[in-house]
Amino acid sequence: MPPSIPPGKHSWRDYALLLALACCWSSTYPLTKIGLGSIPPITFISARSLIAAAFLLVILYARGLRLPIDAKAWKLFAFQQSINSTIPFLMITWAQQYVPASSAVVLASTTPIFAFLITWGITRHEPATLLKLVGAILGLAGTAAIIGLDALGGLSKDVFAEIVILVATLSFACATIFGLRLTDYDPMVVAAGSLLFGGFVLLPASLIVDHPWTLRPTAEALAATLAMGIFSSAFGLMLFYMCLSRLGTLTTNAQGYLRIPIGVGLSVLLLGESVPANLALGLVLVMAGVAAMTIPGDRYGKWIDRLRGRSKAQQP
């Protein structure tokens, strides 16, 4: 059972970290689509993990921090990296060879639903309130509205690849819960150790299967790999563990909905995808879902009481 996050008031800085995490991870799908143009999936994931680990190790050295050497820490890093990055990203990267980036964003946005169901039905390590369930449903509705029904209607094509993305999303949900076991470590240490393990564990497979020395990646693919390594993996994973320790599992997962409008914008900018006509409606639903999953329920009561007090004061 993961440790419980003690209830308490969160500051605007905590939610700013959540937004920063969404910004880092929203670039994953369009950058992956660019990188896969000339780099095979295994080599792509291994390269981005090693780039991210090297970047974080340099910062750790400058801060005077070192990676732990005890077996317990590395077992935690290895398991967390496997379910939070290595396995699900391999699955999503493979699936994105057949699934458009917009559909991948839609399917991957189900993480909060899975996390809610696991928390409510199994772990019960933090309150899984009805308000958060409503927020998760609103977020999914907003996701469908942003991408459009045409993207969801494509589920009949390449069904297996889309099921693979859903299974990977379930793995992400489990990782956000297990990640609470790592809150005793510095977030940068956890991110660096996990990424180092993930990069090296895939390196032999990359050498055997892909023969990377024979590849001719384009400049765009190399830039996408570097950007994903530094921003999506290094900064993103570090922010992820910071949010887990400050906000808990369900609220941290709410950033999945914040990634939708950002990811759509990047898909338009980087991949030339068209802007959905119903973008405004989707954004409203998404933000309503995020608010329901992140703002404490008692705060809504206080706002309602204030509005009632003002209305009574204005009455003659």
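Coordinates for the structure precede this section.
Let me sum up the structure you'll find in this document. (Residues numbered from 1 in each chain as written. Predicted model: local features only at pLDDT ≥ 70, side-chain atom pairs only at ≥ 80, totals over all residues. Heavy atoms only, no water.)

### Quick look at empty space enclosed by the protein
Argument step 1. Under the counting rule described, the total for this entry stands at three cavities of 30 Å³ or more.
Argument step 2. Of the pockets and cavities examined, the largest cavity occupies roughly 180 Å³.
Argument step 3. What lines the largest cavity is a set of 13 residues, and nearest its centre among them are Trp-25, Tyr-29, Phe-172, Gln-255 and Arg-259.
Argument step 4. The set of elements that each furnish at least two residues to the lining of the largest cavity consists of helix H2 (28-35), helix H4 (71-95), helix H9 (159-178) and helix H13 (255-271).
Argument step 5. Of the residues forming the lining of the largest cavity, the biggest block, three residues, is contributed by H13.
Argument step 6. Taken together, the residues of the lining of the largest cavity break down into five nonpolar, seven polar and one charged.
Argument step 7. Estimates place the volume of the second largest cavity at around 60 Å³.
Argument step 8. In terms of lining residues, the second largest cavity is bounded by Trp-25, Arg-48, Asn-84, Ser-85, Phe-89, Leu-195, Ser-232, Ser-233 and Leu-237.
Argument step 9. Elements with a minimum of two residues in the lining of the second largest cavity: H4 and helix H11 (219-247). (1 Å grid on protein atoms, 1.4 Å probe; cavity = no way out; pocket = protein on both sides within 12 Å on 5 of 7 lines; lining within 4 Å. Points joined across faces, edges and corners; volume = space filled by probe spheres on them. Helix = DSSP H or I, 4+ residues; strand = E, 2+ residues; numbered from the N terminus. Nonpolar A, V, L, I, M, F, W, Y, C, P; charged D, E, K, R; others polar.)

### Quick notes on the side chain of Ser-26
Argument step 1. Relative to the assigned elements, Ser-26 resides in helix H1 (residues 12-26).
Argument step 2. Under the relative-accessibility criterion, Ser-26 is labelled buried at 2%.
Argument step 3. Among the polar contacts made by the side chain of Ser-26, one reaches the main-chain carbonyl oxygen of Cys-23 at a distance of 2.9 Å.
Argument step 4. Among residues more than four places away in sequence, those in contact with Ser-26 are Arg-259, Ile-262, Gly-263 and Leu-266. (Buried < 20%, exposed > 50% of the residue type's maximum accessible area, 1.4 Å probe, protein only. Polar contact = N/O pair within 3.5 Å; in protein donor to acceptor, adjacent residues only side chain to side chain. Contact = heavy atoms within 4.5 Å.)

### Describing H1
Argument step 1. Given a rise of 1.5 Å per residue, 15 residues ought to cover 21 Å, and the 21 Å separating the end C-alpha atoms of H1 matches this to within 8%.
Argument step 2. Listing the buried residues of H1 in full gives Asp-14, Leu-17, Leu-18, Leu-21, Ala-22, Cys-24, Trp-25 and Ser-26. (Expected span 1.5 Å × (residues − 1).)

### Brief notes about the packing of H1 against H11
Argument step 1. Between H1 and H11, the shortest axis-to-axis distance is 9 Å and the interhelical angle comes to 150°. Of the possible angle classes, the one that applies to H1 and H11 is roughly antiparallel. Relative to H11, the crossing made by H1 is left-handed. Residues Asp-14, Tyr-15, Leu-17, Leu-18, Ala-20, Leu-21, Cys-24 and Trp-25 of H1 lie in contact with H11, whose contacting residues are Phe-231, Ser-232, Phe-235, Gly-236, Leu-237, Leu-239, Phe-240, Met-242, Cys-243, Arg-246 and Leu-247.
Argument step 2. Residue classes in the contact of H1 with H11 are distributed as 15 nonpolar, two polar and two charged. (Axes fitted to C-alpha atoms, helices over the stretch in contact; angles between N-to-C directions. Parallel < 35°, antiparallel > 145°, perpendicular 65-115°, else oblique. Left-handed = near helix turned anticlockwise from the far one by under 90°.)

### A few points about a nonpolar patch on the surface
Argument step 1. A surface patch of nonpolar side chains, amounting to about 460 Å² of accessible area, comprises Leu-207, Ile-208, Val-209 and Trp-213.
Argument step 2. Among the secondary structure elements, Leu-207 is positioned in helix H10 (residues 187-210).
Argument step 3. The partly exposed category is assigned to Leu-207, whose relative accessible area is 38%. (Patch = residues over 30% accessible without salt bridge, like charges linked within 9 Å, V, L, I, M, F, W, Y side chains within 5 Å. Areas by Shrake-Rupley, 256 points an atom, 1.4 Å probe, with all protein chains shown as cover. Salt bridge = Lys/Arg side-chain N within 4 Å of Asp/Glu carboxyl O.)

### Notes on the nonpolar core
Argument step 1. One finds Leu-56, Leu-237, Phe-240 and Tyr-241 to be the most contacted residues of the largest nonpolar core, which totals 34 residues.
Argument step 2. Broken down by secondary-structure element, the contributors of at least two residues to this core are H1, helix H3 (41-63), H4, H9, H10 and H11.
Argument step 3. Tallying contributions element by element places H11 first for this core, with nine residues.
Argument step 4. With near-sequence residues (within four places) excluded, Leu-237 lies in contact with Trp-25, Gln-81, Asn-84, Ala-191, Ser-194, Leu-195 and Ser-232.
Argument step 5. The next biggest cluster of nonpolar side chains, apart from the first, holds 24 residues, and it includes Val-99, Val-105, Ala-224 and Met-228. (Core = buried A, V, L, I, M, F, W, Y, C linked by side-chain atoms within 4.5 Å.)

### Some remarks on the packing of H10 against H11
Argument step 1. Taken N-terminus to C-terminus, the directions of H10 and H11 make an angle of 130°; their axes are 8 Å apart at the nearest point. By the angle class used here, H10 and H11 are oblique. The hand of the H10/H11 crossing is right-handed. For the pair formed by H10 and H11, the contact residues are Pro-187, Met-188, Val-190, Ala-191, Ser-194 and Leu-195 on the first element and Ser-233, Ala-234, Leu-237, Met-238, Tyr-241 and Met-242 on the second.

No statement about biological role is implied by the geometric values presented.
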